[in-house]
Structure formats: C-alpha cells, structure tokens
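So the chains spell out like this:
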Amino acid sequence: LLYTIKFEVMNKKEKTAIVEKVCDPEEYFEKSGIAGSVREAISLMVENRPKDPISFLSQYFGSLVEEVNVIVQAQRLVCLTHHSRPAFPDNVISAYNLLRDKGLSGKVHNELLKGLCSGLPAVISERLLDKLNCKELDAVPHLLFYNNVLTCLVCHDYKKHSELLYRYVRCIVLIETG
C-alpha cells in the first residue's frame, strides 16, 4: 500500500520510465497505475449490472480522463444505476463521501441538486429546489443528502412516466377518432 501511494504521487515522466523497464505483463499492469482503476471499474460494473456494460465502462474511464469537478463526479456516481437497484445507496454514500472530503456545505449540496434537476421543466425544477435547498453554510447530514438526491431522481422518473402515459393516451385518442 505504501508503494502504491508513493507511485501515485510520481509524475508522468517517472511512471513512464518505470513502466518502460518492466517486461512482465502482470507487473506492467500493476506498475502502470491502471490496475486499481480497472479493478474498481469491473467491481462497479458487476455491482450496478448496467444493461450496456461497454457503455458503462466507457463512461467510467472517460470520467477518469476528464478534468471534472467533484460535483460532476458526485452526480455521475449517483446516476450510475437506477435508484431502485440495490447498488444505489452505496453510490450515494460514495458521492456523499467524495463531497464531504472536499467540503460539503449547503451550497455544494444545492449545486448538486441543481445538476440532478436539469432536464426537468423549469417550473418543477424551481419549486423542487426551493423545497430541497439548504442554507449555503449549513452542514448536510447523510440522510438529508440521500433523500434529496432520491427525490430529484424520482421526479425524473415521474416526468418520464408521465410523458409515456401522455403519448399512450394520445395514441388511443387518435386511433379512436381517426
């Protein structure tokens, strides 16, 4: 573990020099610094069981490469799997811990919720955020964080199901009148 931490703080040039000296494929895999990321990606994939594992892995590795802020990373974590799946609470805990380690305040919490509410109609999003937002300097306990994230995601489901129902009813009306 100590060696791994030391390796992680090496710059890219130092990593490349070490990797070039390694001949054994397994040793290369470990010393290149990707072994942990690959293991974590496979573990998350198995835990979340996405319908399209290739897209899931692509999205996961893409997020490692991009320079993204912690709020976007937290949003990606909570959206890895549907809220009805057993892995969802663990993903929310991971997001909460990520934000808490970077200084989770009401302001950060509100920014996350705003991102999660994007895609909802503005009037719904505004009313929902008025109810869920915390004061900017407030501490955010885990249970509040979990329930607010869940509420935003359930609203997205409600919107999706409402749109499907509307299309279904409209088809029936068109068939009956046509």
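This structure is a prediction, so every number in the text was calculated from the model and none was measured. (Residues numbered from 1 in each chain as written. Predicted model: local features only at pLDDT ≥ 70, side-chain atom pairs only at ≥ 80, totals over all residues. Heavy atoms only, no water.)

A short note on the layout of surface pockets
If you add up the space inside the second largest pocket, you get close to 400 Å³. If you trace the second largest pocket, you find 20 residues lining it, with Cys79, Leu80, Thr81, His82 and His83 closest to the centre. Broken down by element, the lining of the second largest pocket gets its largest block of residues, 4 residues, from helix 10 (residues 142–177). Considering only residue class, the lining of the second largest pocket consists of 6 nonpolar, 7 polar and 7 charged. (1 Å grid on protein atoms, 1.4 Å probe; cavity = no way out; pocket = protein on both sides within 12 Å on 5 of 7 lines; lining within 4 Å. Points joined across faces, edges and corners; volume = space filled by probe spheres on them. Helix = DSSP H or I, 4+ residues; strand = E, 2+ residues; numbered from the N terminus. Nonpolar A, V, L, I, M, F, W, Y, C, P; charged D, E, K, R; others polar.)

Considering the packing of aromatic side chains
Within this structure, the stated rule accounts for 3 aromatic pairs. Relative to Phe61, the ring of Tyr60 has its centre 5.3 Å away and its plane inclined at 80 degrees; by these criteria the two rings are edge-to-face. Relative accessible area serves as the criterion here: at 11%, Tyr60 is assigned to the buried category. Owing to a relative accessible area of 32%, Phe61 belongs among the partly exposed residues under this scheme. (Phe/Tyr/Trp six-rings, centres within 6.5 Å; stacked < 30°, edge-to-face > 60°. Buried < 20%, exposed > 50% of the residue type's maximum accessible area, 1.4 Å probe, protein only.)

A few points about a nonpolar patch on the surface
A contiguous nonpolar surface patch, about 380 Å² in accessible area, is contributed by Leu165, Tyr168, Val169 and Ile172. Of note, Leu165 is situated in helix 10. For Leu165, a relative accessible area of 52% puts it in the exposed group. (Patch = residues over 30% accessible without salt bridge, like charges linked within 9 Å, V, L, I, M, F, W, Y side chains within 5 Å. Areas by Shrake-Rupley, 256 points an atom, 1.4 Å probe, with all protein chains shown as cover. Salt bridge = Lys/Arg side-chain N within 4 Å of Asp/Glu carboxyl O.)

Looking at a positive patch on the surface
Together, Arg49, Lys51, Arg85 and Lys160 give the surface a local cluster of positive charge. Relative to the assigned elements, Lys51 resides in the loop between helix 4 (35–48) and helix 5 (53–65). Residue Lys51 is classed as exposed on the basis of its relative accessible area, which comes to 89%. (Lys, Arg positive; Asp, Glu negative; His and termini not counted. Charge placed at Lys NZ, Arg CZ, Asp CG, Glu CD.)

Re the nonpolar core
Core analysis: the largest hydrophobic core is formed by 33 residues, its most contacted members being Leu99, Leu112, Leu116, Phe145 and Val149. If you list the elements that add at least two residues to this core, you get helix 4, helix 5, helix 6 (70–78), helix 7 (88–101), helix 8 (106–117), helix 9 (122–132) and helix 10. Contacts of Phe145, omitting those with residues within four sequence positions, involve Val92, Ala95, Tyr96, Leu99, Leu104, His109, Leu112 and Val140. (Core = buried A, V, L, I, M, F, W, Y, C linked by side-chain atoms within 4.5 Å. Contact = heavy atoms within 4.5 Å.)

A few points about helix 9
Listed as buried for helix 9 are Ser125, Leu128, Leu129 and Leu132. Down the axis, helix 9 shows its buried residues gathered within 100 degrees of arc, on one side only. Residues of helix 9 that are exposed and point over 90 degrees away from its buried face: Glu126, Arg127, Asp130 and Lys131. (Arc of directions from axis to C-beta.)

With respect to the pattern of salt bridges
Scanning all chains against the criterion turns up 2 salt bridges. Linking Asp101 and Arg100 is a salt bridge whose minimum nitrogen-to-oxygen distance equals 3.9 Å. Judged by its relative accessible area of 45%, Arg100 falls in the partly exposed class. Linking Glu163 and Lys159 is a salt bridge whose minimum nitrogen-to-oxygen distance equals 3.6 Å. Of this pair, Glu163 and Lys159 both sit in helix 10, separated by 4 residues, roughly a single helical turn. By relative accessible area, which is 26% here, Lys159 ends up partly exposed.

Examining the confidence of the model for the chain
Summing up the model confidence of the chain, the mean pLDDT is 81 and the portion of residues at 70 or higher is 78%. For the chain, the element scoring lowest by mean pLDDT is helix 1 (residues 2–8), at 40; helix 7 scores highest, at 94. Contacts of residues 1–9 to residues separated by more than four positions or lying in other chains number 8 contacts, the stretch itself having pLDDT below 50. (pLDDT = per-residue confidence, 0-100.)

Some remarks on the side chain of Ser105
You can see Ser105 is positioned in the loop between helix 7 and helix 8. Of the residues examined, Ser105 reaches a relative accessible area of 18% and is grouped as buried. Excluding residues that lie within four positions of it along the chain, Ser105 makes contacts with Glu136, Asp138 and Val140.

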